[in-house]
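In case you want the letters, here they are:
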Amino acid sequence: MEISQLAKDAKVCGISNRNSIPEAARVLIAKADTSKRFLSAEESKAICNYCNTSEDAIGLLVAGSNQVIDEARRDLLTQQPQLTMPGGGLFPEPRAEACWHDCQQFLRVIIYGVACDCTDIADIEGMIALRHLYKKMEIPITAMMYVLARMRALTTRVLETSGHAHEATCLNKAFDNLTNALLPTEQS
């Protein structure tokens, strides 16, 4: 399959297909996901009301998302500086930026899941296409898993230290769902 077709078929968010989530919340998630953006304050408030989750927790996650990604990136590049050098998996710079953008998109979808109290966040077919795309483009999956693990630790700490234990549990299960969907299987 061609890279352009894989990129078109790649999809992370499967939340809007989950019938266990109130329809009004799924509609708002689908709208935000189509635009590839975080939830607005109004959308977050409505979804949290529909799903009985903490609007404050979602606000903390969204507000801290850039800092979380930046810190995870710094940690990875401190551990593996060769990734951004010639011959490294994140070289040249546009390739690295595309990977950081993907990490931001992963966090965005995980936050959607927390807002909806949904841990089954990944679109199975879309993630298969994404895995194939990453394999074809030789994306360093182990480095991406490291960044996801750091993002998980940082966001969990934010929720736990602010008293949002339920949302922290949901967040961790959503990270599990995403990372399991991203890991190559024997078939892909």
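Coordinates for the structure precede this section.
Worth saying up front: this structure is predicted, and the values here are computed from it rather than measured. (Residues numbered from 1 in each chain as written. Predicted model: local features only at pLDDT ≥ 70, side-chain atom pairs only at ≥ 80, totals over all residues. Heavy atoms only, no water.)

A. Structural context of the overall build of the protein chain. A tally of helices and strands in the protein chain yields 8 helices and 0 strands. In sequence order, the secondary structure elements of the protein chain are arranged as α-α-α-α-α-α-α-α. The C-alpha radius of gyration of the protein chain comes to 16 Å, within 12% of the 16 Å expected for a compact globule of 188 residues. Taking the principal axes of its C-alpha atoms as reference, the protein chain extends roughly 50 × 35 × 30 Å. Among the 188 residues that make up the protein chain, the fraction classed as buried is 48%. (Helix = DSSP H or I, 4+ residues; strand = E, 2+ residues; numbered from the N terminus. Rg over C-alpha atoms; globule rule 2.2 N^0.38 Å. Buried < 20%, exposed > 50% of the residue type's maximum accessible area, 1.4 Å probe, protein only.)

B. Local environment of empty space enclosed by the protein. Within the structure shown, the criterion is met by 1 cavity of 30 Å³ or more. Approximately 50 Å³ is the volume attributed to the largest cavity. In terms of lining residues, the largest cavity is bounded by Leu-76, Leu-90, Cys-99, Trp-100, Cys-103, Ile-139, Pro-140, Ala-143, Met-144 and Val-147. Within the residue set of the lining of the largest cavity, elements represented by two or more residues are helix 5 (93-116) and helix 7 (141-161). A breakdown of the residues in the lining of the largest cavity according to their chemical character gives 10 nonpolar, no polar and no charged. (1 Å grid on protein atoms, 1.4 Å probe; cavity = no way out; pocket = protein on both sides within 12 Å on 5 of 7 lines; lining within 4 Å. Points joined across faces, edges and corners; volume = space filled by probe spheres on them. Nonpolar A, V, L, I, M, F, W, Y, C, P; charged D, E, K, R; others polar.)

C. Up close: the layout of surface pockets. Reported here for the largest pocket is a volume of approximately 230 Å³. What lines the largest pocket is a set of 15 residues, among which Ala-10, Val-12, Lys-36, Asp-102 and Gln-105 lie closest to the centre. Contributions of two or more residues to the lining of the largest pocket are made by helix 5 and helix 6 (124-136). In terms of residue class, the lining of the largest pocket is built from 8 nonpolar, 2 polar and 5 charged.

D. Up close: unusual backbone geometry. Between Phe-91 and the following residue, Pro-92, the backbone shows a cis peptide bond with an omega angle of 5°. Along the chain, Pro-92 falls in the loop between helix 4 (55-79) and helix 5. With a phi close to 60°, Asn-52 is a non-glycine residue in the positive phi region. Relative to the helices and strands, Asn-52 is located in the loop between helix 3 (41-51) and helix 4. With a relative accessible area of 70%, Asn-52 lands in the exposed category.

E. Local environment of the side chain of Arg-152. For Arg-152, the position within the fold is in helix 7. From its side chain, Arg-152 meets the backbone oxygen of Asn-172 in a polar contact 3.2 Å long. The contact partners of Arg-152, leaving out residues within four places of it in the chain, are Leu-171, Asn-172, Phe-175, Asp-176 and Thr-179. (Polar contact = N/O pair within 3.5 Å; in protein donor to acceptor, adjacent residues only side chain to side chain. Contact = heavy atoms within 4.5 Å.)

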